Each structure stands twice: as structure tokens, then as C-alpha cells.
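Descriptive analysis of the structure
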Amino acid sequence: MADLLTPQLNAETPAPDWLQSRRLAGRAAWESSEMPTRKTEAWKYTSLFALQQPFMAARESAESAEELGLELPQLAGSRLVFVNGFWREDLSEIEPDAAIELVRFSDADQTQAALIAQHLGSVVPGNKHPFSALNDAVLADGVFLRILTGSKAARPVQLVWHNSPQVDAAINSQRLLVLAEQHSEATVVEHFSGQGHSFTNGLPELILAAGAALSHSRLHLESAEALHVGGLHAALERDATLNSFHVAFGGKLKRIDIVINHQGHGAHCQLDGMYLLRGQEHVDYHTCIEHALPHCTTDETFRGIVGDKASAVFNGRIHIHPDAQKTRAELSNKNLLTSATAEVNTKPELEIYADDVQCAHGATVAQLDESMLHYLRTRGIPADEALVLLSYGFINALVEKQRLESLRDYLKPRLANYFGAALALDPDDAGG
Amino acid sequence: MLSIKDLHAEVEGKNILKGLNLEIREGEVHAIMGPNGSGKSTLGHVLSGRPGYEITQGSVEFLGKDLLKLDTEERAHLGLFLAFQYPVEIPGVSNMEFLKASVDAVRESQGASAYDTVGFMRRAREACAAVDLDQAFLKRGVNEGFSGGEKKRNELMQMMLLEPRLCILDETDSGLDIDAMQVVASGVNAMRSESRSFLLVTHYQRLLDYIEPDFVHVLADGRIIRSGDTSLALELEAKGYSWLDDSEVA
């Protein structure tokens, strides 16, 4: 593998002590960690070969939103925009909201810096994820979102990481720390987009204190050449609720590890995800839900459509510890293959050490439903159009589950466009 | 309009239709009644071109064309409509998206221009109101989570929007309460015209109290064994299907 560390170290800027010590620890961990190969079980179907090229530190860009091709959902709340990893004040917007504190690490005041130092990395297990260590090693300007105790954020917070095409393959990191304090409520949308073959190493951490409710979306809308290896780590305390929604279009190499720890009684997680691949794209979602305590629930649904010579990996692990009685956990992964050369490797893994639990899992790789196809054709819709409509519906069913209307409005036409579905109208206007 | 001659069809190697003959002329309403397993639903599926139903003998002519040679969607373009006994749920595709795709496809095939969005939405809302369905159903996934009665009303709504020449209603009355049945019946009655025909497939005579057919046929063991007017349906209702077993089939 290419040297992923040096280009970023060369571009390093001075940091406060708490950040510098984090960097040094990360550097030591990265340098001592063994790089995964195809012989590593968790990396069996995903090769890191695409990272074997020289990388440069990403360069700052001053292009306008239009020049960048930046198209964002209209969420009406605060928005922080980073281009090539650099903050762009001109593209960002801060809507005052007494329920939240939203700062970049470099802007954190003393209290915030102390909270970041205390919580950052606290839910990421030590040596298990080398790319998390890499993220630590070059840690610069992350985002800290704090939702204050008992408060409800008025509007969604949007965090955008966009890459502009660079002359050489660029490398950059993304870091997000969300601290949802007791009985707080907020919506966060992470957005990755851009052009070119940059490599991004993303690492959001979500910490939900007792009774907190967080709705989180992570949209990977990068180019077909983009490289992304990253992970999402969340910890849920008593009665906390996390809705986490993941979308992946494209990417030459995308590997996302999602780890959710139920560490308080009665925590609930709804995890939805979708991947749409064509060409020679590759996406690998590894999810792991740890049920450590009783009365927690998980509803996990991932769906994918894989065509051309693209390949997808889904590995969904649900680990129910001996104390986690009265757990309810459901995991479903459904895939549609639209070409004979497309590939899906799906594996649900239930590890259950408690006896009083309700668990269900299913993974399928299938063709579109024949009876649905026939029904559409009896209504005059030609077979090829019907297949498009059904593919759209297969994925859109997950979008419809999402509560944030502005996000649905953003995704639906993009999905329709992706499938080439001739959907002439906005059904949300239909009842008017 | 529809001429079925000596139709034999099988499903999974089992003969279901065994020499069915039926003539429907423009503007006529025919009812086909019969006991469970007589082949009633198979007839609808065969006419719609459902995969898995193999025609082994006979012919079907619809508006001068060899129906059995046409793809399912081409049959719809020609004006054939089947209201399903068990309408299919399609999560993720809204009813409105589906209806627009359907009406656009049929109109395009007939050389008519597509409705503009606003005009279409007005028509869809009118059709929704005509079958007594809340407008919210237009936004929901096709038949997704609809009750039995709501699914049947949704079928009727599609029928109104597509304005077919021949409407086949496959046990549309089953599972409906009296109110829903009256909605379906008044919808059908409003659509009756000199150029449009109906084939009502039903197990019970009840529907025929609300939609008066011109002809009633009795289907048993894959063939029409008796034809008559509404009095035949009443007689069946009074005496039961076993009456036919005794008098005709045995």
C-alpha cells in the first residue's frame, strides 16, 4: 500500500496539545497496525489495491459552489462546507440555535476542547480499525456538534465534504464528533460529494446520552473514481434512539464500517442503508451492532442494486451478549443484480449468547418480483419501463421511511434519474 | 369484441380450462359464475397473459386481433383491463407515479398525447373521489398496506383512468362489505357504454343485484356449461352449485 501518512503529515499545521497527543497516539497505532489483506476475514472481498498509488496532500480550492458542482439538499439549517478537507466559510451558513453548539475543532473554546478531548475516540476500539488510527494520526479540523441537555435542535445540521478534481490523487480526512446530551434531539446530515479520484478517510462518532434521540444520515454521492475508507462508531446510553441512514452511489473503493454499541437499557437503533453500483464500482458495508444490555432493539435494513461489473459486500453482524435479555433485533439485506457480471457477497452474522431474545435475519440476492412486473404490464407499462420502475421502488421504499422530508425530496429525483425512470410528477403534491 | 373458441389452458401441467367458448359483443355485460376451482380466475390470468399459464388449444380474438400473440402490455394498449382479485403491492412506487406511468403508456400507444401533469393530477383526484378513496392514497406505495376493500377501489380507479374497451373484474366483489360493493357497482355502471364491455367473474350472485348483466354463464370444470340471463344467477343462488352437478355435469 502507498504511504498514506506522510503526505498528510507534511501538510500538518500546529495543533493544541490535546490534539497533538491524539495525533501522536494515532501515528503510533497506524505504524504498528497490520494492513488488512484479502486473507483478513473482514477484508475477504475488498481489496485495498486501489490505494496503491502515490497520494498528495489535498489542496485548498477557491472555486464557487457552481464551479464545484455542489448540489445540496435544502435543509434550511446550519451548514458547514469543507472542500478538499478545508473549511469554506463562504459556502457555509450558521443558523443560530440555542439547542446546539456547532464548531470546528480549531475554533473550540476551552469547555468544548475539553469535551472533545474527553469523548473523541472514546467509542472507537483501539487497534481494530487501522484507518481510524490513520484518521487520528493526521487529525486537524474536525467538526464538533453538541446538543445540549433537554434541548431540541430547531433545524437539521448539514455537514458537507466535497472534493474538487486535483491534479494528483489527493488524500484527506473527515472527522465528526456528535455529543447528544441527555434527552436532547437533533438531525444531522453528512454529505460526501465531488469529482476525481481523491481518497477520503472519514470517521464520525456519535455519542448519545440517556434518552437522546439522534437522526443521522450519511450520503456518499461521490464520483465513480472516488476512494473512501472509513467508519461510523456510535454509543447509545439508556433509552437513547438512533436513526442512521446510509446512501452510497458509486466509488471505485468504498469501505464503511458501522459499529453501534447499545450500552444502556432500552436503547433503540434503526439502521437503513442502500447502495447503487454500476461500472466497476465497489462498496463494502460492514455493520456490527453490539447488544450489551437488556431491552435494546435494532432494526437494520440494507438494500442494494448492483449492475455491470460492479461488486458489493454486505456483512451484518449482530452480537447479543449474555446479559442482553429481551433483545429484539432484525436484520435484512436484499440485493438485486442487474447484470450477469455483477457480484454481491452478503453475510448476516448473528451471535447470540442470551436466551430470551427475538432475532430475525435474512439476506437475499434476487431478481425483481415476477408478479409485480406482470401487474405493471397489465396496466400497459412496457416490460423495460416496468423493470426501471420496480428498481426505483425497491430502493425508494427505504427513502420513504426517512422522516426528513427535505432529504426525501432531494433523493427521490436523483434516484429516478439514476434509474432513468420517467417519473413526471412529485407525488408529494398529489394531495394538494 | 371478444371471441374465445375452444380454449384449453394449463398451469404447472394441470389442465384448468378445457374447451371454453365465449362471445362478448360491444356494450354487453357478461357474468361468469362458478364454484371454487372451476377455472374462473384462470380465465382472467390467461386473457392478461400471465406467465406460467400455458394455452394448449383454442383461440382468443379481441377487437379483431389474435390476443394470444400479444404481450401483456400490448393487450392493455388495445383496451383490455383486468381488475385483479389480489392486487399486487409495490412498495416504493407511489400510486400517483404508477398511475401516470400507466396512463401515459396506454395513451402513447394509442397515439394520444400525454396529459400534462396538472391535468393528470386533477383527473386522478377525481377518480380517487369517485371510488371514495382518500386523496392520501395517491401518495402511498401502490396497494401498500391497503385493506382488501381499498385495493379493489384502487383497481376500479385505474380502470376509470385507463378507459378500457373490455373490463374483466376478477372476483372484485369478494371480501367487500355492502358499502364498498355499492361503490364498485356504481363505478362500473357509470362506465357502461355502447362501446365498452364487461366480464364479471364472481362466486356469488350478490354483485349482480347491483350490476345487472346481459348474460350469465356458469363455469364448471373448465367449460361453460350453461348460459342464460339474470334468472340463472338467482336460480344458482337459491339451489347452490351442486344443483348443476346433479342436473348437468354428472
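Residues numbered from 1 in each chain as written. Chains lettered and ligands numbered in written order. Predicted model: local features only at pLDDT ≥ 70, side-chain atom pairs only at ≥ 80, totals over all residues. Heavy atoms only, no water.

**Topic: the overall build of chain B**
Of regular secondary structure, chain B possesses 8 helices and 12 strands. In terms of overall dimensions, chain B is globule-like: its C-alpha atoms have a radius of gyration of 18 Å, near the 18 Å expected for 250 residues. In terms of overall dimensions, chain B has a C-alpha envelope of 60 × 40 × 35 Å along the principal axes. The long-range share in chain B, meaning contacts at least 24 apart out of those at least 6 apart in sequence, stands at 69%. Split by element, the accessible area of chain B, about 10,300 Å² in all, is 44% carbon and sulfur. Averaging the locations of the 26 positively and 40 negatively charged side chains of chain B gives two centres separated by 2 Å. (Helix = DSSP H or I, 4+ residues; strand = E, 2+ residues; numbered from the N terminus. Rg over C-alpha atoms; globule rule 2.2 N^0.38 Å. Contact = heavy atoms within 4.5 Å. Areas by Shrake-Rupley, 256 points an atom, 1.4 Å probe, with all protein chains shown as cover. Lys, Arg positive; Asp, Glu negative; His and termini not counted. Charge placed at Lys NZ, Arg CZ, Asp CG, Glu CD.)

**Looking at the sheet that holds strand S4 (residues 53-62) of chain B**
All names here are of chain B. Sheet architecture is open: 4 strands sit in the order S2-S1-S4-S5, paired in antiparallel fashion. Only two strands of the sheet have a single partner each, and these edge strands are strand S2 (14-24) and strand S5 (65-66). Bridge count for S4 against S5 is 2 bridges, and the pairing is antiparallel. Paired with Phe62 across the two strands is Lys65, which belongs to S5. (Pairing = 2+ DSSP bridges.)

**Structural notes on the sheet that holds strand S12 (residues 223-228) of chain B**
Residues and elements named next belong to chain B. An order of S6-S9-S10-S3-S11-S12 is seen for the 6 strands of this open sheet, with the pairing classed as mixed. The strands lining the two open edges of the sheet, one partner per strand, are strand S6 (80-83) and S12. If you compare each strand with its neighbour and ignore which way they point, the axes differ by 20 degrees on average. Where strand S3 (residues 29-33) and strand S11 (residues 215-220) come together, 4 bridges link them in parallel fashion. Residue Met33 lies in a different strand from S11, and its bridge partner there is Val218. The strands touched by helix H5 (residues 148-162) are S6, strand S9 (166-170) and strand S10 (197-202); relative to S6, the strand with the most contacts, the crossing angle is about 170 degrees. (Axes fitted to C-alpha atoms, helices over the stretch in contact; angles between N-to-C directions.)

**Here we look at the state of the cysteines**
Two cysteines whose sulfur atoms are joined by a covalent bond form what is called a disulfide. Per the counting criterion, the structure on display carries 0 disulfides over all chains. With no disulfide of its own, Cys167 of chain B has Cys128 of chain B as its nearest cysteine by sulfur position, at a separation of 18 Å. (Disulfide = S-S within 2.5 Å.)

**Notes on the pattern of salt bridges**
Residues and elements named next belong to chain A. Inspection of the entire model under this criterion finds 38 salt bridges over all chains. A salt bridge links Glu41 to Lys347, with the nearest nitrogen and oxygen atoms 3.4 Å apart. With a gap of 306 residues between them, Glu41 in the loop between helix H2 (17-32) and strand S1 (56-57) and Lys347 in strand S19 (residues 343-352) connect regions that are remote in the sequence. Of the residues examined, Glu41 reaches a relative accessible area of 52% and is grouped as exposed. A relative accessible area of 35% means that Lys347 is categorised as partly exposed. Measuring nitrogen to oxygen at the nearest pair gives 3.6 Å for the salt bridge that ties Glu95 to Arg155. (Salt bridge = Lys/Arg side-chain N within 4 Å of Asp/Glu carboxyl O. Buried < 20%, exposed > 50% of the residue type's maximum accessible area, 1.4 Å probe, protein only.)

**Here we look at the confidence of the model for chain A**
Averaged over all residues, the pLDDT of chain A is 91; the fraction at 70 or higher stands at 96%. Contacts from residues 427-432 of chain A, a stretch scored under 50 in pLDDT, to residues over four places away or in other chains number 19 contacts. (pLDDT = per-residue confidence, 0-100.)

**Quick word on the interface of chain A and chain B**
Counting residues at the interface gives 30 residues for chain A and 42 residues for chain B. Of the roughly 2,800 Å² buried between chain A and chain B on both sides combined, carbon and sulfur atoms contribute 66%. Here Arg379 of chain A ties to Glu155 of chain B by a salt bridge, and the two come within 2.6 Å at their closest N and O atoms. Here chain A is connected to chain B by 13 residue pairs in polar contact (both at pLDDT 80 or more). Of all the elements in the fold, those that place two or more residues in the side of chain A that touches chain B are helix H6 (370-378) and helix H7 (383-400) of chain A. Residues belonging to the side of chain A that touches chain B are distributed by class as follows: 16 nonpolar, 8 polar and 6 charged. (Buried area = accessible area lost by both parts, 1.4 Å probe. Polar contact = N/O pair within 3.5 Å; in protein donor to acceptor, adjacent residues only side chain to side chain. Nonpolar A, V, L, I, M, F, W, Y, C, P; charged D, E, K, R; others polar.)

**Here we look at the packing of aromatic side chains**
Here the structure, examined in full by the defined rule, presents 16 aromatic pairs over all chains. The interplanar angle of 15 degrees and the centroid separation of 5.8 Å between the aromatic rings of Tyr375 of chain A and Phe98 of chain B together place this pair among those described as stacked. You can see Tyr375 of chain A sitting in helix H6 and its partner Phe98 of chain B sitting in helix H3 (residues 95-109), one on each of two chains. Under the relative-accessibility criterion, Tyr375 of chain A is labelled buried at 0%. Note on Phe98 of chain B: relative accessible area 0%, which makes it buried. Three or more aromatic residues joined by ring pairs make a cluster, and in this case those are Trp30, Trp43, Phe55, Phe131 and Phe199 of chain A. The ring of Tyr418 of chain A has Arg278 of chain A lying over it, and the distance from NZ or CZ to the ring centre is 3.8 Å. The ring of Phe120 of chain B is capped by Lys100 of chain B, whose NZ or CZ atom sits 5.8 Å from the centre of that ring. (Phe/Tyr/Trp six-rings, centres within 6.5 Å; stacked < 30°, edge-to-face > 60°. Lys NZ or Arg CZ within 6 Å of the ring centre and 35° of its normal.)

**Side note on helix H7 (residues 230-239) of chain B**
Residue and element names in this part refer to chain B. When H7 is considered as a whole, its buried residues turn out to be Leu232, Ala233 and Leu236. Buried residues along H7 cover an arc of 100 degrees about the axis, so they all sit on one side. At the C-terminal side of H7, Gly240 shows a positive phi close to 85 degrees. (Arc of directions from axis to C-beta.)

**Observations concerning the side chain of Thr46 of chain A**
All names here are of chain A. Topologically, Thr46 is positioned in the loop between H2 and S1. Among the polar contacts listed, one links the side chain of Thr46 to the side chain of His282, at a separation of 2.7 Å. Within the structure, the side chain of Thr46 is placed 2.6 Å from the side chain of Asp284, a separation counted as a polar contact. Residue contacts for Thr46: discarding those within four places in its chain leaves Arg38, Leu253, His282, Asp284 and Val313.

**Structural notes on the pairing of strand S13 (residues 253-262) of chain A**
All names here are of chain A. Along S13, 10 of the 10 residues are buried, which leaves the element largely enclosed by surrounding structure. Neither face of S13 is exposed, since Leu253, Arg255, Asp257, Val259 and Asn261 on one face and Lys254, Ile256, Ile258, Ile260 and His262 on the opposite face are all buried. Note: strand S11 (residues 227-236) against S13, 10 bridges, orientation parallel. What sits directly across from Val229, in S13, is Arg255. Alignment of S13 against strand S15 (residues 282-291), held across 9 bridges, turns out to be parallel. The partner of Val259 across the bridge, within S15, is Cys288.

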